[in-house]
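So the chains spell out like this:
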Amino acid sequence: MTLLTNPQNYEICFAICSMVVLLITVFVHLFGEHYYSRQNDIFGGLLFNAFCMNLLGLIHKVWIQSDFFKMSLSYEAVCVLVMLEKVCIYIMPLLSVIYGMAIFRIEFQSFVKKILIGIPTICSQVVIFSVIFTGFFYRFDENAETRYIYPQAVTIYLSVWFYLIVAAYMIIKYKKSLSTEKQMALVVYYFLMAAGVPIRILTRSSSIFEFSVSIALLLCVYTFQNPSEFVDLTSGAGTKKALDFTISTNLLQKKTFSLLGIYVDKLDVFLSEESIENSSELLRHISDYLKKMCPEGGLFYPFDSTFILMLPGADPDETVIEKTVEQIKIRFKDPWVLKNEEIKLFQSPCVLGFPTEVDSLERFNEIWNVMQKAFLRHNRDVLRLSDLNLKYVEHDKKIDGIVKRALEDGLLDVYYQPIYSPADGKYTSCEALVRLKDPKLGFISPAVFMPVAERNGSVLEIDRYVLDRVCEMISSSRIMDYGIEYVEVNLSIVDCIQTNLAENILGTLEKYNVDPKLINLEITETWEKNITDVMDMNLGRLLKSGITFSMDDFGTGYSNLSRIAMLPLKLFKLDKSIVQSVFDSETSYMVMLNMIRIIKSLGKEIVAEGVETAEQAKQIIRLGCDHVQGFFYARPMSKESFIEFIKEHNA
Ligand code: C2E
Ligand code: CA
Ligand code: CA
């Protein structure tokens with residue numbers, strides 16, 4: 001105890017602290033999930049080396065302070081231990097550089113380079129061992145501390161500076177592929193390693209160096225060794241982040257490679273319907289199988305239903321790729337066996353060559369958007385870049401620019417389409433529809449720009465804007481006095497998965513002092529399949545406030561009716577394609593009739609959309625629709641025209 005309480009012994013306390021930090025790091029490392037084993041092995045090596053260094057240092061320090069130790073361990077033996085500690089210290093910079101290389105996936109192919117990178121370490125090790133034969137570089141004092149003899153002892157530091165320069169070069173060259181936090185972490189890591197050297201020279205204490213090494217390693221275990229970010233825990237394959245990172249590092253290093261995408265038809269639907277256990281077992285099965293087909297760390301599960309394999313070689317006709325595709329095809333002919341089930345899955349492959357076909361991460365993401373859509377229409381041959389209609393990519397880019405500018409320059413507007421209720425004989429609601437007028441291109445239909453806005457996220461801003469305008473209209477006009485009971489506002493599925501959706505909506509209502517009962521949110525039918533916890537939470541909060549919901553475009557998807565029946569909806573909006581086909585055939589008529597019956601039997605109201613003729617209106621109303629919307633009654637119109645319209649028609 002006195003050994004620890006003596007303030008002179010802070011060195012020992014320091015050494016124990018760094019040992020504790022190190023052990024925590026070892027613990028986190030051992031119990032984490034691992035993804036890229038080369039990086040992992042090197043990290044293990046670093047930890048082991050740091051552990052030895054700490055242990056040897058600790059023994060040395062205790063020996064200096066304790067007479068008991070001095071008696072049991074000879075001076076010569078301690079000198080050897082100190083020498084070994086130095087060996088560990090001067091291996092550290094080399095290991096750190098190799099670790100950095102593993103992070104950036106840099107592998108030296110040539111033997112000469114592998115040797116060259118080790119030479120400075122060999123030199124410093126020679127200096128360390130030289131003490132056995134000569135006291136030219138350093139000698140041991142009475143405490144078995146090393147006493148360097150300058151200037152020749154400087155040689156021992158040269159290797160440290162060499163590796164620092166290599167590390168700095170690496171970070172500067174490949175920093176683009178790392179996030180800012182990771183760049184910082186790497187800089188801090190090397191800084192902590194490097195700072196130890198001058199501190200050692202100044203204080204003649206090795207504890208600070210050991211302590212900073214432990215801290216640096218702890219930093220790594222939570223940044224570079226952090227698996228959740230890079231490993232999809234259910235499938236064990238790499239995440240989208242891991243894929244992005246690997247693509248950009250490979251491109252920076254001018255490697256040629258191909259991405260082989262395996263789209264598994266309806267896998268996401270299947271997974272959402274199965275128990276968690278079954279779905280993760282299935283994902284594991286597939287990913288274990290695919291892992292064997294690609295080099296280590298080359299399998300990713302970045303998007304729903306799609307696996308991506310990274311293969312060497314950029315030419316899509318290369319034999320490796322063809323063979324892999326062929327093998328996968330054969331495997332998918334057989335079902336996947338789970339505990340008590342056999343599952344048959346269908347796959348479609350696609351190949352992209354880097355950098356011949358795709359030369360940047362941005363380009364990959366653009367192309368991938370088009371590719372994913374193409375999967376749905378494509379037969380099951382290998383899909384190539386040349387099969388894609390890349391006009392879509394250009395189109396998306398152009399529309400994206402227009403939407404962004406419209407948002408910045410305030411070129412959006414909200415129109416209102418009145419909705420007629422035959423039973424009341426007046427217009428009782430309306431739908432808010434966004435409008436975009438580009439200065440050069442004129443009006444652009446939301447049917448054109450909303451899908452793009454959904455893909456790139458600007459839909460959030462658009463819908464927030466629309467709701468804001470709607471609330472402003474409600475609070476500034478007196479449409480409620482003229483018989484409008486609520487306003488229907490469209491929500492995109494992208495909105496619904498935002499954690500702050502309910503908060504934002506309720507905030508806007510409050511800002512304009514609008515009663516939530518006056519707002520009805522429309523969500524499309526596809527939404528029903530993608531309900532997540534966040535959506536549930538949003539829905540719950542909004543319903544509680546008094547906002548109602550309706551299902552838009554009903555009849556276009558393939559919804560599970562019994563599930564839909566349970567959703568807390570006020571209205572069903574029959575899609576215009578169904579309404580307009582009512583006279584096409586006997587079958588269409590029967591489909592429509594039965595849909596209306598089902599909805600009515602659930603006690604919900606129906607809106608028929610897209611009513612264009614008097615004949616359609618007559619039939620639809622006869623079939624029992626509660627509300628009708630369409631050009632026959634009124635087109636979407638500006639706020640001013642709408643207020644005029646309502647005053648005139650509902651008077
Ligand atoms: P939607 O929600 O189904 O909206 C109804 C669409 O049908 C509107 O097209 C409307 O102008 C059109 N329409 C109304 N009556 C008739 C008719 O008798 N015949 C025909 N052929 N069409 C009729 P619009 O305004 O071009 O909007 C297209 C789609 O864009 C909307 O379909 C909706 O999905 C989306 N959208 C529009 N505004 C917004 C918005 O503010 N937010 C979101 N998330 N989506 C919006
Ligand atoms: Ca709608
Ligand atoms: Ca609709």
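Residues numbered from 1 in each chain as written. Chains lettered and ligands numbered in written order. Predicted model: local features only at pLDDT ≥ 70, side-chain atom pairs only at ≥ 80, totals over all residues. Heavy atoms only, no water.

Novice: Got a minute to help me understand the overall build of the protein chain in this structure?
Specialist: The helix and strand inventory of the protein chain stands at 26 helices and 18 strands. Taken over C-alpha atoms, the radius of gyration comes to 34 Å for the protein chain, far larger than the 26 Å a tight globule of 651 residues would show. Along the first, second and third principal axes, the C-alpha atoms of the protein chain reach 110 × 60 × 55 Å. By the burial criterion, 51% of the 651 residues in the protein chain qualify as buried. Surface exposure of the protein chain reaches about 31000 Å², of which carbon and sulfur atoms provide 60%. Averaging the positions of the 64 positive and the 77 negative side-chain charges in the protein chain gives two centres separated by 4 Å. (Helix = DSSP H or I, 4+ residues; strand = E, 2+ residues; numbered from the N terminus. Rg over C-alpha atoms; globule rule 2.2 N^0.38 Å. Buried < 20%, exposed > 50% of the residue type's maximum accessible area, 1.4 Å probe, protein only. Areas by Shrake-Rupley, 256 points an atom, 1.4 Å probe, with all protein chains shown as cover. Lys, Arg positive; Asp, Glu negative; His and termini not counted. Charge placed at Lys NZ, Arg CZ, Asp CG, Glu CD.)

Novice: Before we go on, may I ask you to explain the coordination of the calcium ion (ligand 3) in this structure?
Specialist: Six octahedral donors around a metal ideally subtend angles of 90 or 180 degrees, whereas four tetrahedral donors ideally subtend 109.5 degrees. Around the calcium ion (ligand 3), the protein contributes the donor atoms D552 (OD), D553 (OD), E609 (OE) and E609 (OE), at 2.1 to 2.5 Å from the metal centre. In this structure the calcium ion (ligand 2) is found 4.0 Å away from the calcium ion (ligand 3), and D552 serves as a bridging donor for the pair. (Donors = N, O, S within 2.8 Å, 3.2 Å for Na, K, Ca; no water.)

Novice: Got a minute to help me understand the site of ligand 1 in this structure?
Specialist: Near ligand 1 lie 24 residues; those nearest to it are R435, D463, K576, E612 and F631. A distance of 2.8 Å separates an oxygen atom of ligand 1 from a polar side-chain atom of R435. E612 is positioned such that a nitrogen or oxygen atom in its side chain is 2.5 Å from a nitrogen atom of ligand 1. Elements represented by at least two residues in the shell around ligand 1 include exactly β11 (426-438), α17 (446-456), α18 (459-476), β15 (548-554) and α23 (576-580). Per-element tally for the shell around ligand 1: the top contributor is β11, with four residues. Residues that form the shell around ligand 1 fall into these classes: nine nonpolar, seven polar and eight charged. (Near = heavy atom within 4 Å. Polar contact = N/O pair within 3.5 Å; in protein donor to acceptor, adjacent residues only side chain to side chain. Nonpolar A, V, L, I, M, F, W, Y, C, P; charged D, E, K, R; others polar.)

Novice: So what exactly am I meant to see when it comes to the packing of helix α3 (residues 37-65) against helix α9 (residues 207-223) here?
Specialist: For any two helices packed against each other, the geometry comes down to the angle between their axes and how far apart the axes lie. Where α3 meets α9, the closest approach of the two axes is 10 Å, and the angle between their N-to-C directions is 155°. It follows from the interaxial angle that α3 and α9 lie roughly antiparallel. Viewed along their axes, α3 and α9 form a crossing whose handedness is left-handed. Contacts from F43, L46, L47, A50, M53, N54, G57 and K61 of α3 reach α9 at S207, F209, E210, V213, S214, L217, C220 and V221. In the contact of α3 with α9, the residues fall into ten nonpolar, four polar and two charged. (Axes fitted to C-alpha atoms, helices over the stretch in contact; angles between N-to-C directions. Parallel < 35°, antiparallel > 145°, perpendicular 65-115°, else oblique. Left-handed = near helix turned anticlockwise from the far one by under 90°. Contact = heavy atoms within 4.5 Å.)

Novice: Would you explain the pattern of salt bridges in this entry?
Specialist: Note on pairing: side chains with opposite charge can pair once their charged atoms come close. This structure, assessed with the given rule, holds 19 salt bridges. A salt bridge links R147 to D141; the nearest nitrogen and oxygen atoms lie 2.8 Å apart. Across the pair R405 and D438 runs a salt bridge, and its minimum N-O distance is 2.7 Å. Here R405 is found in helix α16 (residues 391-409), whereas its partner D438 is found in strand β11, with 33 residues between them in sequence. A network of salt bridges, in which partner residues are shared, links E431, E488, E522, K573 and E609. (Salt bridge = Lys/Arg side-chain N within 4 Å of Asp/Glu carboxyl O.)

Novice: Looking at this structure, I do not really get the packing of aromatic side chains. What am I missing?
Specialist: What characterises a pair of aromatic rings is the spacing of the ring centres plus the angle enclosed by the ring planes. Counted according to the given criterion, the structure contains 28 aromatic pairs. Aromatic side chains F162 and Y163 sit 5.1 Å apart centroid to centroid with 75° between the ring planes, which places their arrangement in the edge-to-face category. By relative accessible area, F162 is classed as partly exposed at 33%. Residue classification places Y163 among the buried positions, given a relative accessible area of 2%. Grouping aromatic residues by their ring pairs yields a cluster made of Y138, F140, Y148, Y150 and Y157. (Phe/Tyr/Trp six-rings, centres within 6.5 Å; stacked < 30°, edge-to-face > 60°.)

Novice: Explain unusual backbone geometry here, please?
Specialist: It is generally the case that most residues other than glycine have a negative phi and that most peptide bonds are trans. Of note, the bond from Y150 into P151 is cis; its omega dihedral lies within 30 degrees of zero at 5°. Tracing the sequence through the fold places P151 in the loop between β2 (146-148) and α7 (155-174). P355 follows F354 through a cis peptide bond whose omega is -10°. Within the fold, P355 resides in the loop between β8 (347-354) and α15 (361-377). Of note, the phi angle at A144 is positive, near 65°, even though the residue is not glycine. Summarising the element assignment, A144 is placed in the loop between β1 (138-140) and β2. Residue A144 is classed as buried on the basis of its relative accessible area, which comes to 0%. One non-glycine residue, S305, lies in positive phi territory at about 70°. Within the secondary structure, S305 is located in the loop between β4 (299-303) and β5 (306-312).

Novice: Would you mind showing me how to read the coordination of the calcium ion (ligand 2) here?
Specialist: The protein atoms that coordinate the calcium ion (ligand 2) are E431 (OE), N490 (OD1), E522 (OE) and D552 (OD), at distances spanning 2.0 to 2.3 Å. Expressed as a motif, the donor residue spacing for the calcium ion (ligand 2) is E-x58-N-x31-E-x29-D.

Novice: Please explain the packing of helix α5 (residues 75-103) against α7 as it appears in this structure.
Specialist: Contact geometry for α5 and α7: axes closest at 9 Å, N-to-C directions at 15°. The orientation of α5 with respect to α7, classified from their angle, is roughly parallel. As for the relative orientation of α5 and α7, their crossing is left-handed in sense. Contacts between α5 and α7 involve Y90, P93, L94, V97, G100 and M101 on the former and, on the latter, I156, Y157, S159, V160, Y163, V166, A167 and M170.

Novice: Explanation requested: a nonpolar patch on the surface in the structure shown.
Specialist: The grouping of F111, V112, I115, L116, I119, I122 and V126 at the surface amounts to a nonpolar patch, some 690 Å² of accessible area in total. Note on placement: I122 falls in helix α6 (residues 111-129). (Patch = residues over 30% accessible without salt bridge, like charges linked within 9 Å, V, L, I, M, F, W, Y side chains within 5 Å.)

Keep in mind these numbers describe shape, not what the thing actually does.
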